[in-house]
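# Coordinate inspection notes
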Amino acid sequence: MKSVLIFTASILAATVAWAGPKVELVTNLGTMQVELNEAAAPATVANFLRYVDDGSYDGSIFHRLIPGFMVQGGGYDSEYQPLPTYSPVVNESNNGLANVVGSIAMARTQDPNSATRQFYINFSDNKSLNGGRAAGYTVFGQVTAGQEVLDKMATVPTGMNLTLRARDVPKQTIVLQSVRRLDAKSEAKNMATQPSAYSTQQVKQ
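Rules of the game
- Residues numbered from 1 in each chain as written.
- Predicted model: local features only at pLDDT ≥ 70, side-chain atom pairs only at ≥ 80, totals over all residues.
- Heavy atoms only, no water.
- Helix = DSSP H or I, 4+ residues; strand = E, 2+ residues; numbered from the N terminus.
- Buried < 20%, exposed > 50% of the residue type's maximum accessible area, 1.4 Å probe, protein only.
- Contact = heavy atoms within 4.5 Å.
- Pairing = 2+ DSSP bridges.
- Axes fitted to C-alpha atoms, helices over the stretch in contact; angles between N-to-C directions.
- Salt bridge = Lys/Arg side-chain N within 4 Å of Asp/Glu carboxyl O.
- Polar contact = N/O pair within 3.5 Å; in protein donor to acceptor, adjacent residues only side chain to side chain.
- pLDDT = per-residue confidence, 0-100.
- Core = buried A, V, L, I, M, F, W, Y, C linked by side-chain atoms within 4.5 Å.
- Phe/Tyr/Trp six-rings, centres within 6.5 Å; stacked < 30°, edge-to-face > 60°.
- Lys NZ or Arg CZ within 6 Å of the ring centre and 35° of its normal.

## Points about the overall build of the chain
- For the chain, the helix and strand inventory stands at three helices and 10 strands.
- If you list the helices and strands of the chain from N to C, you get α-β-β-α-β-β-β-β-β-α-β-β-β.
- Burial analysis of the chain (205 residues in total) assigns 51% to the buried set.
- In the chain, the proportion of contacts linking residues at least 24 apart, taken out of those at least 6 apart, comes to 74%.

## Re the environment of Ile 104
- In this fold, Ile 104 is placed in strand S5 (residues 103-106).
- Separated by 33 residues in the primary sequence, Ile 104 and Tyr 137 place their C-alpha atoms 10.0 Å from one another.
- Not counting chain neighbours up to four residues away, the residues in contact with Ile 104 comprise Phe 48, Phe 119, Tyr 120, Ile 121, Thr 138, Val 139, Phe 140, Gly 141 and Gln 142.

## Description of the sheet that holds strand S6 (residues 119-122)
- Taken together, the eight strands give a closed barrel; going around it, the order is S1-S2-S7-S5-S6-S4-S3-S10, and neighbouring strands pair in antiparallel fashion. Here the average twist between neighbouring strands, direction ignored, is 35 degrees.
- In the packing of helix H2 (residues 42-54) onto the sheet, contacts are made with strand S1 (22-27), strand S2 (30-36), S5, S6, strand S7 (139-145) and strand S10 (174-181), and the angle to S10 comes to roughly 105 degrees.
- Those strands touched by helix H3 (residues 147-154) are S1, S2, strand S3 (60-66), strand S4 (70-76), S6, S7 and S10, and its axis lies near 115 degrees from that of S2.

## Examining the environment of Thr 116
- Structurally, the position occupied by Thr 116 is in the loop between S5 and S6.
- The exposure class assigned to Thr 116 is buried, which follows from its relative accessible area of 7%.
- Sequence-wise, Thr 116 and Pro 84 are 32 residues apart; in three dimensions their C-alpha atoms are separated by 9.5 Å.

## Some thoughts on the pattern of salt bridges
- Enumeration according to the criterion identifies three salt bridges in this entry.
- In this structure, Glu 35 and Lys 22 form a salt bridge, with 3.6 Å as the shortest nitrogen-oxygen distance. Pair noted here: Glu 35 is in strand S2 and Lys 22 is in strand S1, with a separation of 13 residues, a long-range link.
- Accessibility expressed as a relative area gives 7% for Glu 35, which makes it buried.
- Across the salt bridge formed by Arg 180 and Asp 58, the nearest N and O atoms sit 2.8 Å from each other.

## Focus on the environment of Gln 118
- Looking at the secondary structure, you find Gln 118 in the loop between S5 and S6.
- Judged by its relative accessible area of 1%, Gln 118 falls in the buried class.
- Remark: the alpha-carbon pair of Gln 118 and Phe 48, spanning 70 residues in sequence, is separated by 9.0 Å.
- A distance of 3.5 Å separates a polar atom in the side chain of Gln 118 from a polar atom in the side chain of His 63.

## Remarks on the confidence of the model for the chain
- Confidence in the prediction of the chain, expressed as mean pLDDT, is 87, and 81% of residues score 70 or more.
- Below pLDDT 50 for its whole length, residues 1-17 participates in 23 contacts with residues either more than four positions away or in separate chains.
- The low-confidence segment residues 185-198 (pLDDT under 50) makes 26 contacts with residues lying over four places distant or belonging to another chain.

## Some remarks on the nonpolar core
- Core analysis: the biggest nonpolar cluster contains 33 residues, and Val 23, Leu 25, Leu 36, Phe 48, Phe 119, Phe 140 and Met 153 have the highest contact counts within it.
- Looking at which element gives the most residues to this core, the answer is H2, with five residues.
- With 11 residues, the next largest nonpolar core counts Leu 97, Ala 107, Tyr 120 and Tyr 137 among its residues.

## Some details on the pairing of strand S9 (residues 166-170)
- With three bridges joining them, strand S8 (residues 158-161) and S9 adopt antiparallel strand pairing. Paired with Gly 159 across the two strands is Val 169, which belongs to S9.
- The turn linking S8 back onto S9 is made up of four residues, and Arg 165 within it adopts a positive phi angle of 55 degrees.

## Examining the packing of aromatic side chains
- Inspection of every chain in the model, using the stated rule, returns eight aromatic pairs.
- A ring pair is formed by Tyr 51 and Tyr 57, whose centres lie 5.7 Å apart and whose planes are at 45 degrees; its orientation type is tilted. Residue Tyr 51 shares its accessibility class with Tyr 57, and that shared class is buried.
- Ring centres of Tyr 51 and Tyr 86 lie 5.1 Å apart, and the angle between their planes is 50 degrees; this geometry places the pair in the tilted category. Placement of Tyr 51 in helix H2 and of Tyr 86 in the loop between S4 and S5 is noted, with a sequence separation of 35 residues between them.
- Against the face of Tyr 137 rests Arg 108, its NZ or CZ located 4.1 Å from the ring centre.

Shown next, in the form of structure tokens:
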């Protein structure tokens, strides 16, 4: 209980007024809201909102979870099949935003400019993921509501998944049931997706 309280308090302390687009993430564990920083990460925010607007995050899952580190999702359906992607987005990790508790950032491969649709939310302050002399992982937003949902996620047991051939997969499926903009005038554009070659994207611990 103590760790949960500390975790929630840390998110509240890290929450700032970003004054950017707001997005609602409805999961089977509850609802979160994130506020995006398009001034610091314009290409990344535009890329993320493209998937939000075409509706393809709906029904995707959080497929990787490491307590005390992060939870990653948006790239697979409930059958653990990879979802189609648009072209990769340029890395914007040196934008002054940090991987702190409750921040949302893009997953990628070893290629800094390979992020497509997968994102992660930090459970803790992960300084090793920030940019510097070498490219880091691009932070582009912050959880502003629904901290208790992250608390729940952090307690979900994980294990080996034979379909993904990966460890740290939640044994209880965590589904992104709906992902929508909260600035109501920006409605879904129902853009047709153009699949590109899929590559596994992971956040290095």
